[in-house]
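The residues making up each chain are set out below.
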Amino acid sequence: NYVTTLARGLFGVSKAYLFRQPDLDTPSLVLPPAREEDGGAALAFELGGALGRFLQRQHGAFRIDDVPAGAAAVSELGVLREMGVALGVPLRTPHPFETTDLKGLLCLGPKLVGTPFTPSELRFIGLLADMAAVALRNAHLHRKSIVDDLTRLYSRGHFDMHLSAEIARSERYG
């Protein structure tokens, strides 16, 4: 939410979306529903699909309209166009032990003033995407360190850490 709000404000766009990999082992990028209470379904595409393969080869920001017709699935690009996306930026974190370095996709709508993105804005958007990718990877690693992969329950160490903090809080406030 912070990244999309920041992008809307900095670049003067009305729409910004962040597709992200839910965890390190999931082979898809997901855009969660805007509000969970709406009951809307998440929008997702597979990393092994045409758009996913295109994004894994893409470095830096790209205009949706500049993507060659055969480079990505027409239906997936059509969904992005229907959402009002004008610019896409892959979120990448190179890591030798992971199957993909693609952690997400930042999508921006056209600028409100109607002018195209300048080269310096594209570079800045790329830097923002790099920082967001590192933040996503760190969040995945943190979650992986406190949740058991098999049971999906919090680890003993996480429980012990919170237990001692709660005991200290109860002693402090009675």
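Look up: the structure comes first, before these words.
Computed from a predicted structure; not experimentally measured.

J.: Residue-level account of helix H4 (residues 119–146), with values.
T.: Under the 1.5 Å per step criterion, the end-to-end length of H4 is 41 Å for 28 residues, consistent within 8% with the ideal 40 Å. Buried residues of H4: Glu121, Ile125, Gly126, Leu128, Ala129, Ala132, Ala133, Leu136, Arg137, His140 and Ile146, and no others. Check the buried side of H4 and you find it contacts helix H1 (2–11), strand E1 (16–20), strand E5 (87–92), strand E6 (102–108) and helix H5 (156–173).

J.: How would you sum up the packing of aromatic side chains? Please name residues and give values.
T.: Using the criterion set out here, one finds three aromatic pairs in the structure. When the centroid spacing of 5.3 Å and the interplanar angle of 85° are considered together, the rings of Phe54 and Phe62 count as edge-to-face. Residues Phe54 and Phe62 agree in their burial class; the two are buried.

J.: Please provide a residue-by-residue account of the pairing of E6, values included.
T.: Counting buried positions over the seven residues of E6 gives seven, a clear majority of the element. Bridge count between E1 and E6: five bridges; the pairing is antiparallel. Paired with Leu18 across the two strands is Leu106, which belongs to E6. Inspection of the sheet shows E5 paired to E6 by six bridges, in the antiparallel sense. In the strand pairing of E6, Gly88 is matched with Cys107.

J.: So what's going on with helix H2 (residues 50–57)? Which residues, and what values?
T.: Burial in H2 covers these residues: Leu51, Gly52, Phe54 and Leu55. The arc that holds the buried residues of H2, viewed along the axis, is 160°, so those residues lie on one side.

J.: Can you lay out the pattern of salt bridges for me, pointing to particular residues and giving the numbers?
T.: All chains considered together, the criterion is met by six salt bridges. Among the salt bridges present, the one from Glu121 reaches Lys111, with a minimum N-O distance of 2.9 Å. Separated by ten residues along the polypeptide, Glu121 in helix H4 and Lys111 in the loop between E6 and H4 bring together distant segments of the chain. Each member of the pair, Glu121 together with Lys111, is buried. A salt bridge links Glu166 to Arg169; its shortest N-O distance comes to 2.6 Å. In this pair, Glu166 and Arg169 both sit in helix H5, three residues apart, roughly one turn of the helix.

J.: Tell me what's going on with unusual backbone geometry, and back it up with residues and numbers.
T.: Although it is not a glycine, Arg152 sits at a positive phi angle of roughly 65°. Inspection of the secondary structure assignment puts Arg152 in the loop between H4 and H5. Under the relative-accessibility criterion, Arg152 is labelled exposed at 57%.

Conventions and cut-offs
Residues numbered from 1 in each chain as written. Predicted model: local features only at pLDDT ≥ 70, side-chain atom pairs only at ≥ 80, totals over all residues. Heavy atoms only, no water. Helix = DSSP H or I, 4+ residues; strand = E, 2+ residues; numbered from the N terminus. Expected span 1.5 Å × (residues − 1). Buried < 20%, exposed > 50% of the residue type's maximum accessible area, 1.4 Å probe, protein only. Contact = heavy atoms within 4.5 Å. Phe/Tyr/Trp six-rings, centres within 6.5 Å; stacked < 30°, edge-to-face > 60°. Pairing = 2+ DSSP bridges. Arc of directions from axis to C-beta. Salt bridge = Lys/Arg side-chain N within 4 Å of Asp/Glu carboxyl O.

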